[in-house]
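Residue strings, one per chain:
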Amino acid sequence: MAADAKKQPLSVVIMGVSGSGKTTIGTRLARELGVPFLEGDDFHDPENIERMKRGEPLTDEMRKPWLDRLNRELRHRRAAGVVLACSALTAASRRRLTAGLTHVRLVVLTGDTELLRKRLAQRKHHFFDPDLLDSQIATLEIPADGIVVPIDGTPEEVTQRALAGLIGR
């Protein structure tokens, strides 16, 4: 199945709230598609990381430079394809993230709030304050053209669902 996808490089944004598995599934998906994986969190500036550690939600204004950095990465890598893990919770953030780009596919990881809380409680060494989950859930706008993938199941199952959505369209 992944061999068909390799004919044309894909640029994929794997999105969702914290704890939905963006990094885990994104890494696996990139491997299946034969493209690089980028962790969007690696592009946050130190000030925003400190804000999130303190449990302060980021405003759209605070996110703009981060989204611009990610947009440059997507542009730079579009010829070869890429999978980018990025929350991309709002339509406005996705417009900024994908500005000037075509053929970016959105994979939306969705799950039950209790499952998300459980996953966040098990995470170690991540700057995200789990108390911000409710604000992320309230902010999430699922894109009409997004491939919605439920996160219940093993990482292999979730990855296969995402792949089926990408290739089956």
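Residues numbered from 1 in each chain as written. Predicted model: local features only at pLDDT ≥ 70, side-chain atom pairs only at ≥ 80, totals over all residues. Heavy atoms only, no water.

### A closer look at the overall build of the protein chain
Then step 1. When its secondary structure is counted, the protein chain shows eight helices and five strands.
Then step 2. The linear arrangement of helices and strands in the protein chain, starting from the amino end, is α-β-α-β-α-α-β-α-β-α-α-β-α.
Then step 3. Taken over 169 residues, the protein chain has a buried fraction of 47%.
Then step 4. In the protein chain, 77% of the contacts between residues at least 6 apart in sequence involve partners at least 24 apart.
Then step 5. When the accessible surface of the protein chain is totalled, it reaches about 8700 Å², and 51% of it is carbon and sulfur. (Helix = DSSP H or I, 4+ residues; strand = E, 2+ residues; numbered from the N terminus. Buried < 20%, exposed > 50% of the residue type's maximum accessible area, 1.4 Å probe, protein only. Contact = heavy atoms within 4.5 Å. Areas by Shrake-Rupley, 256 points an atom, 1.4 Å probe, with all protein chains shown as cover.)

### A short note on the environment of isoleucine 147
Then step 1. Within the secondary structure, isoleucine 147 sits in strand 5 (residues 147-150).
Then step 2. Residue class for isoleucine 147 comes out buried when judged on its relative accessible area of 7%.
Then step 3. The spatial distance from the C-alpha of isoleucine 147 to the C-alpha of valine 107 is 4.7 Å, given a sequence separation of 40 residues.

### Points about the pairing of strand 3 (residues 82-85)
Sheet faces and side chains relate simply in a regular strand, where the side chains alternate between the two faces.
Then step 1. Side chains Val82 and Leu84 of strand 3 all project onto a buried face; the interleaved residues Val83 and Ala85 project onto the opposite face, where all are buried too.
Then step 2. With four bridges connecting them, strand 1 (residues 11-15) and strand 3 associate as parallel partners. When the sheet's bridge partners are listed, valine 12 is paired in strand 3 with valine 83.
Then step 3. One ladder, built from three bridges, connects strand 2 (residues 37-39) with strand 3; its direction is parallel. When the sheet's bridge partners are listed, glutamate 39 is paired in strand 3 with alanine 85. (Pairing = 2+ DSSP bridges.)

### A closer look at the confidence of the model for the protein chain
Then step 1. Across the protein chain, the average pLDDT comes to 86, with 88% of residues at 70 or higher.
Then step 2. Confidence drops under a pLDDT of 50 for residues 1-6, and excluding neighbours within four residues, the segment shows 13 contacts in the predicted structure. (pLDDT = per-residue confidence, 0-100.)

### Digging into unusual backbone geometry
Then step 1. One non-glycine residue, alanine 88, lies in the positive phi region at around 45°.
Then step 2. Locating alanine 88 in the fold gives a position in the loop between strand 3 and helix 5 (91-97).
Then step 3. Residue class for alanine 88 comes out buried when judged on its relative accessible area of 2%.

### Side note on the pairing of strand 4 (residues 104-110)
Then step 1. The buried fraction of strand 4 is high, at seven of seven residues.
Then step 2. Of the two faces of strand 4, the one holding Val104, Leu106, Val108 and Thr110 and the one holding Arg105, Val107 and Leu109 are both buried throughout.
Then step 3. Bridging between strand 1 and strand 4 involves five bridges; their strand directions are parallel. Note on strand 4: the bridge partner recorded for methionine 15 is valine 108.
Then step 4. Sheet analysis places strand 4 next to strand 5, joined by four bridges and oriented parallel. Bridged to valine 108 within strand 5 is valine 148.

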